[in-house]
Amino acid sequence: MTANNTVSHISPVMPTYGRFPVTLEKGKGSYVWDDKGTKYLDFTSGIATCNLGHVPDAIKEKLEEQLQNLWHCSNLYNIPNQEKLAGLLAANSCGDQVFFCNSGAEANEAAIKLARRYANKVKGSGLSTVVTFKQSFHGRTLATLTATGQEKIQNGFAPLMPGFSYLPYNDMEALNVLVELKPAAVLLELVQGEGGVIPAFPEWVQKLDQICKENGILLMVDEIQTGIGRTGTLFAYQQYNIEPDVISVAKGLGSGFPIGAIIAKEEAAKGFEPGSHGSTFGGNPLATAAGLATVTHILENNILTNANEMAEYLDQQLENLSAKYTFIKELRGTGLLKGLVVDNDASAIVKKAIEQNLLILTAGPNVIRILPPLTVTKDEIDEFIIKLEKAFQSLEKGE
Ligand SMILES: Cc1ncc(COP(=O)(O)O)c(C=O)c1O
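Residues numbered from 1 in each chain as written. Predicted model: local features only at pLDDT ≥ 70, side-chain atom pairs only at ≥ 80, totals over all residues. Heavy atoms only, no water.

*Asks:* How do you make sense of the side chain of Thr 231 when you look at a structure like this?
*Replies:* By secondary structure assignment, the location of Thr 231 is in the loop between β10 (218–222) and β11 (246–249). When residues no more than four places from it in sequence are discounted, the contact partners of Thr 231 are Val 191, Thr 226, Ala 236, Gln 239, Thr 334, Gly 335 and Leu 336. (Helix = DSSP H or I, 4+ residues; strand = E, 2+ residues; numbered from the N terminus. Contact = heavy atoms within 4.5 Å.)

*Asks:* Looking at this structure, I do not really get the pairing of strand β2 (residues 31–34). What am I missing?
*Replies:* In the case of a regular strand, side chains alternate between the two sheet surfaces. Pairing between strand β1 (residues 24–28) and β2: four bridges, direction antiparallel. Note on β2: the bridge partner recorded for Lys 28 is Tyr 31. Two successive antiparallel strands, β1 and β2, enclose a turn made up of two residues, where Gly 29 displays a positive phi of approximately 60°. Adjacent in sequence and paired antiparallel, β2 and strand β3 (residues 39–42) are bridged by four residues, among which Gly 37 carries a positive phi angle near 85°. (Pairing = 2+ DSSP bridges.)

*Asks:* How do you make sense of the domain arrangement of the protein chain when you look at a structure like this?
*Replies:* Frequently, the measure chosen for interface size is the accessible area removed from exposure when the parts meet. For the protein chain, the assigned domains read domain 1 (24–55 + 302–396) and domain 2 (70–300). Distance between the C-alpha centres of domain 1 and domain 2: 27 Å. Contacts between the two partners involve 27 residues from domain 1 and, on the opposite side, 27 residues from domain 2. Regarding the contact of domain 1 and domain 2, the summed buried area is about 2,100 Å², with carbon and sulfur atoms giving 57% of it. The three residues of domain 1 that bury the most area against domain 2 are Leu 304, Thr 334 and Leu 337, which together make up 26% of that side's buried surface. At the boundary of domain 1 and domain 2, one finds one salt bridge. Arg 369 is the salt-bridge partner of Glu 194, the closest N and O atoms lying 2.9 Å from each other. For the pair domain 1 and domain 2, the number of links is 11 residue pairs in polar contact (both at pLDDT 80 or more). Every element with two or more residues in the side of domain 1 that touches domain 2 is listed here: α1 (45–48), α10 (303–324), β13 (328–334), β14 (337–342) and β17 (367–370). For the side of domain 1 that touches domain 2, the class distribution of residues is 14 nonpolar, 10 polar and three charged. (Domains from an automatic or database assignment. Buried area = accessible area lost by both parts, 1.4 Å probe. Salt bridge = Lys/Arg side-chain N within 4 Å of Asp/Glu carboxyl O. Polar contact = N/O pair within 3.5 Å; in protein donor to acceptor, adjacent residues only side chain to side chain. Nonpolar A, V, L, I, M, F, W, Y, C, P; charged D, E, K, R; others polar.)

Now the structure itself:
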């Protein structure tokens, strides 16, 4: 409405997203349906969020159960689901203690705050710098967009937060200057998701870990996109023979219900004490019911075995497709976080895929990002390849 009560023609929703002309109303497993009843194969998983597919029964049941009892209570009281989920995350990672929040950006904010407070209050070093990497993505709050190594994300938001330095990713030589930057912590993605599906080289990560350990720098991994089974292990760091001090997670943790967390080693966790950090909704009974059900279901139902088998099958099929289309330059990624590098406009392919009732993503201008649920089947992968190839053909014909 305008001041004189006439209807304005602008959308009441702020235009912060470039949206596709699709309105989704229902989802089950690897499929979603739009408002006209059209069925789409969803290989985006809500951008690595619905890792168990849409509306998974096991999670739905636990959420419905919790809905009957208590939706929210303040963190001034004990929340049993929080205790159980924290215990499960600690038991299945190198971490010991968990702080709960509501999103990925908030998880990284918590990690940054923990690193600074640990340096100030526990070590008394007064160091505050967090080193991150070029092309990284860590979120949209002021601190996390500053941590993000991409100018396009920071554009227009000056002044940015002080206390961040950036190094090139996967660059061995650049690590020689790390200590000179006097960091309290390093924050990195083990596969840069938004930055183009770029896995970190194991030797590089191990050298980084070694420098951090030798110099008392906290190693913090942003597993918001890679975590909760996306790369074939519960956390991607488990494939690197390292033990980070802090792991941030969100996205897949709640199967679509908003939740974020940091899992910290006991020593790093000393940075927080009562009153030093908090969140009204963080770890509330519903969110932690979703998180608890999700992690339990993954661990108890061989979901990672399926994810790894299907990742291998998907790799083979994408390799076959790459051999047929010269515009495909590279296949990269880990587990079910895959990127196809193309020498043309990836977003044009994504649009053509929608016409074939297939949902996929981009990661930068020339990478197609493919994120099926961890529960995906061979038949669904076959269907995906057929649809993707039809999208390629339609683009080539200039339809
Ligand atoms: C690696 C990484 N970190 C942080 C974020 C931010 O998460 P959220 O959008 O939940 O704040 C994302 C989201 O895409 C991400 O991929």
